[in-house]
Amino acid sequence: MGNIIAIVGRPNVGKSTLFNRLTRSRKAIVDGKSGVTRDRHYGRSDWNGHEFMVIDTGGYLSKSDDIFEGEIKKQVITAIDEADIILFMVDVETGITDPDEALARILRKTDKKVMVVVNKVDSNDRQYDANIFFKLGLGDIYTISSINGSGTGDLLDIIVEELPEANIEEELELPRLAIVGRPNVGKSSLVNALLDQERNIVTPLSGTTRDTIYTRYNKFNHDFYLVDTAGLRKKGKVREDLEFYSVMRAIRAIENADVCLLLIDAQEGFESQDLNILNLIHKNRKGAVILVNKWDLVEKETYTAKQMEDKIREKIAPFQDVPIIFTSALTKLRLQKVLETAMQVYKNRLQKIPTSKLNEILLEAVKAHHPPSFRGHEIKVKYVTQLPTHSPSFALFCNYPEHVKEPYKRYIENRIREHFNFTGVPILIFFRKK
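Criteria and cut-off values
- Residues numbered from 1 in each chain as written.
- Predicted model: local features only at pLDDT ≥ 70, side-chain atom pairs only at ≥ 80, totals over all residues.
- Heavy atoms only, no water.
- Helix = DSSP H or I, 4+ residues; strand = E, 2+ residues; numbered from the N terminus.
- Buried < 20%, exposed > 50% of the residue type's maximum accessible area, 1.4 Å probe, protein only.
- Contact = heavy atoms within 4.5 Å.
- Areas by Shrake-Rupley, 256 points an atom, 1.4 Å probe, with all protein chains shown as cover.
- Expected span 1.5 Å × (residues − 1).
- Pairing = 2+ DSSP bridges.
- Patch = residues over 30% accessible without salt bridge, like charges linked within 9 Å, V, L, I, M, F, W, Y side chains within 5 Å.
- Salt bridge = Lys/Arg side-chain N within 4 Å of Asp/Glu carboxyl O.
- Lys, Arg positive; Asp, Glu negative; His and termini not counted.
- Charge placed at Lys NZ, Arg CZ, Asp CG, Glu CD.
- Right-handed = clockwise from strand over helix to strand, strands pointing away.
- Axes fitted to C-alpha atoms, helices over the stretch in contact; angles between N-to-C directions.
- Phe/Tyr/Trp six-rings, centres within 6.5 Å; stacked < 30°, edge-to-face > 60°.
- Lys NZ or Arg CZ within 6 Å of the ring centre and 35° of its normal.

### What about the overall build of the protein?
Now for step 1: If you tally the helices and strands in the protein, you get 12 helices and 15 strands.
Now for step 2: The buried share among the 434 residues of the protein stands at 56%.
Now for step 3: In the protein, 68% of the contacts between residues at least 6 apart in sequence involve partners at least 24 apart.
Now for step 4: Just so you have it, the protein exposes about 20,500 Å², and 49% of that area is on carbon and sulfur atoms.

Below you can see the structure in the form of C-alpha cells.
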C-alpha cells in the first residue's frame with residue numbers, strides 16, 4: 001500500500017518549496033505572489049528506502065477573494081480523508097494568523113497524524129519565535145527552512161517513523177487492477193459489468209462512489225483483485241476542488257494497483273485530465289491500458305476507431321506503447337479482451353530478460369547507432385543488465401554516463417520494445433559508470 005503525505009496551509013507559507021525539497025524536484029512553480037501554484041502537484045519521495053507520495057495542496061486554489069472559506073477548507077478536509085500524514089505549514093515571520101487558527105480548528109478534530117511545520121526558521125532567534133505555534137494545540141512543532149533545506153532531513157526521519165504499517169488487505173499475491181479516470185466516465189458501470197452484479201451503486205451523477213473497494217474476480221481463467229475507487233464525492237460546484245478530490249482518489253487507486261485501466265469517455269475524447277492521470281500511472285511505474293468507454297453511443301463512420309486511436313496516440317507521445325481498447329460497459333463490448341490485455345500487461349511488467357540476450361541485442365543497437373560523443377570523447381557502452389526492480393529498469397554501463405542525453409535513452413528503450421513485449425509498461429533506462 002502506498003502512503004500519502006499532504007502539505008496543507010494558507011497561501012504563501014512555502015508549501016511548494018517544501019514539496020520540491022521532499023521530492024527533490026523543481027516541479028512546483030515558486031513565486032512570491034500567493035496562489036501561484038495552479039498545477040496538480042504530486043511527486044514521489046524516497047527517504048532511507050521508504051517511498052511515499054507527496055501532495056502539495058496549494059495547486060488547487062481558485063483566485064477568489066474569499067479564498068480561505070472556500071477551497072482551502074474543503075481541501076484540508078479532503079487531505080485529512082485521504083492522506084496518512086498531514087504536514088500543516090505555518091510561517092514564523094507572520095506568527096499565527098486567523099487562517100492558521102481556522103485550519104488548526106479543523107485539524108484538531110482528526111485522529112490522523114498532523115505535524116506542524118514552522119517554515120523560515122534560519123536563526124536561533126527564530127527558533128525561539130517558533131514556540132508560539134504550540135498554541136495551535138496540535139502537539140510538537142518541527143522547524144525548517146525550506147529555502148536552504150535546514151531541518152528537512154530531521155523532518156523526513158520523523159515522517160518515515162510515523163508512516164503507518166502497510167496494510168495487507170489480501171492474503172494472496174494476486175494481480176491488482178485499478179479502474180481510474182475522470183468523474184462520470186463509467187468506472188462503476190465497468191466494475192458491475194465485469195462482476196455481473198450490482199456491486200457498486202451506479203447513478204448518472206458524477207461522484208457517487210466514496211471508498212476504495214477491493215473485489216476478488218475469479219472466473220473465465222482470470223484471478224485478480226479489482227480496485228475500484230470510482231472517484232468523487234458530491235462536493236459542490238468548485239471545479240478545482242473536484243479535480244483535487246479526483247486526483248487524490250486516483251493517486252490512492254494507482255498506488256495500490258499493478259495495472260491501471262484508464263477509462264475515457266468516447267464522446268468527450270482524450271482530455272487534459274486524462275493525460276494527467278496517465279502521467280501519474282507512469283510516474284508510479286504501473287502498467288496501463290486505455291479503455292475508450294461508451295463506444296456504443298458514438299456515431300460510427302468508416303475508420304472512426306482508427307482515427308480516434310491515432311488522436312489518442314498523438315496526445316500521449318512519446319509513450320506510444322499502450323494498448324487502446326474500444327469498449328462499452330453497458331453492452332459488455334470487448335470486456336473479455338479488456339481482461340486478457342490487462343493480464344498480459346501484468347505479465348509484461350514482471351518479465352526478466354536474460355542478461356546474455358539483452359547484451360546481444362543492445363550492444364548491436366549501440367554499434368549501429370553510437371551515443372553522440374561530447375568534446376571529442378567517444379561514449380563506449382560495455383555492458384547491459386536488467387535491474388532487480390518492481391517494474392522494468394535497465395542499466396547500461398559506460399565511460400561517461402552523465403553525457404548521455406534523453407533522445408539516446410529513448411532510442412535504447414525503443415530497441416528493447418522492438419525485441420521484447422513491454423506493451424503497456426513504462427521502462428526506465430539508466431546509464432552508469434562502469
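### Considerations on helix 10 (residues 335–350)
Now for step 1: Here helix 10 contains 16 residues, and its C-alpha end-to-end distance of 23 Å stays within 8% of the 22 Å for a straight helix at 1.5 Å per residue.
Now for step 2: Every buried residue of helix 10 is listed here: Leu335, Val338, Leu339, Thr341, Ala342, Met343, Val345, Tyr346, Asn348 and Arg349.

### Section: helix 1 (residues 15–23)
Now for step 1: Most of helix 1 is tucked away: eight of the nine residues are buried.
Now for step 2: Among the residues trailing helix 1, Arg24 stands out with phi positive, at a value near 50°.

### A word on the pairing of strand 13 (residues 381–386)
Now for step 1: In this structure, strand 13 lies alongside strand 14 (residues 393–398), joined through five bridges in antiparallel fashion. Paired with Tyr383 across the bridge in strand 14 is Phe397.
Now for step 2: Between strand 13 and strand 14, which follow one another and run antiparallel, lie six residues.

### Here's the deal with a positive patch on the surface
Now for step 1: On the surface, Lys380, Lys382, Lys433 and Lys434 cluster together into a patch of positive charge.
Now for step 2: Turning to its location among the elements, Lys433 is positioned in strand 15 (residues 428–433).

### Digging into the pairing of strand 14
Now for step 1: Of all six residues making up strand 14, six are buried, and the element is well covered by its neighbours.
Now for step 2: Neither face of strand 14 is left uncovered, since the one carrying Ser393, Ala395 and Phe397 and the one carrying Phe394, Leu396 and Cys398 both have all their residues buried.
Now for step 3: For strand 14 and strand 15, the ladder comprises six bridges, and the chain directions are parallel. Paired with Cys398 across the bridge in strand 15 is Lys433.
Now for step 4: Where the polypeptide runs from strand 14 across helix 12 (residues 406–419) and back to strand 15, its parallel neighbour, the crossover connection is right-handed.

### A word on the sheet that holds strand 14
Now for step 1: Across the sheet, three strands lie side by side as 13-14-15; this open sheet has mixed pairing. With partners counted over all chains shown, the strands left at the sheet margins are strand 13 and strand 15, one partner each. Taking the axes of each pair of neighbouring strands and ignoring which way they run, one obtains an average angle of 25° across the sheet.
Now for step 2: Relative to strand 13, helix 11 (residues 355–368) is tilted by about 140°, and along the sheet it contacts strand 13 and strand 14.
Now for step 3: Helix-sheet contacts for helix 12 involve strand 14 and strand 15, and the interaxial angle to strand 15 is about 120°.

### Comments concerning the packing of aromatic side chains
Aromatic ring pairs are reported here in terms of the distance separating the ring centres and the angle at which the planes meet.
Now for step 1: A full pass over the atoms with the stated rule returns six aromatic pairs.
Now for step 2: Their ring planes at 55° and their centres at 4.5 Å tell us that Trp295 and Phe326 sit as a pair that is tilted. Within this pair, whereas Trp295 is found in the loop between strand 11 (287–293) and helix 9 (304–316), its partner Phe326 is found in strand 12 (residues 324–326), the two being separated by 31 residues in sequence.
Now for step 3: For Phe326, a relative accessible area of 7% gives the class buried.
Now for step 4: With a centroid separation of 6.0 Å and 40° between ring planes, the pair formed by Tyr383 and Phe397 is classed as tilted. Of this pair, Tyr383 sits in strand 13 while Phe397 sits in strand 14, and the two are 14 residues apart along the sequence.
Now for step 5: The class of Tyr383 is partly exposed, set by a relative accessible area of 40%.
Now for step 6: Between Arg432 and the ring centre of Phe430, over which it is positioned, the NZ or CZ distance is 5.5 Å.

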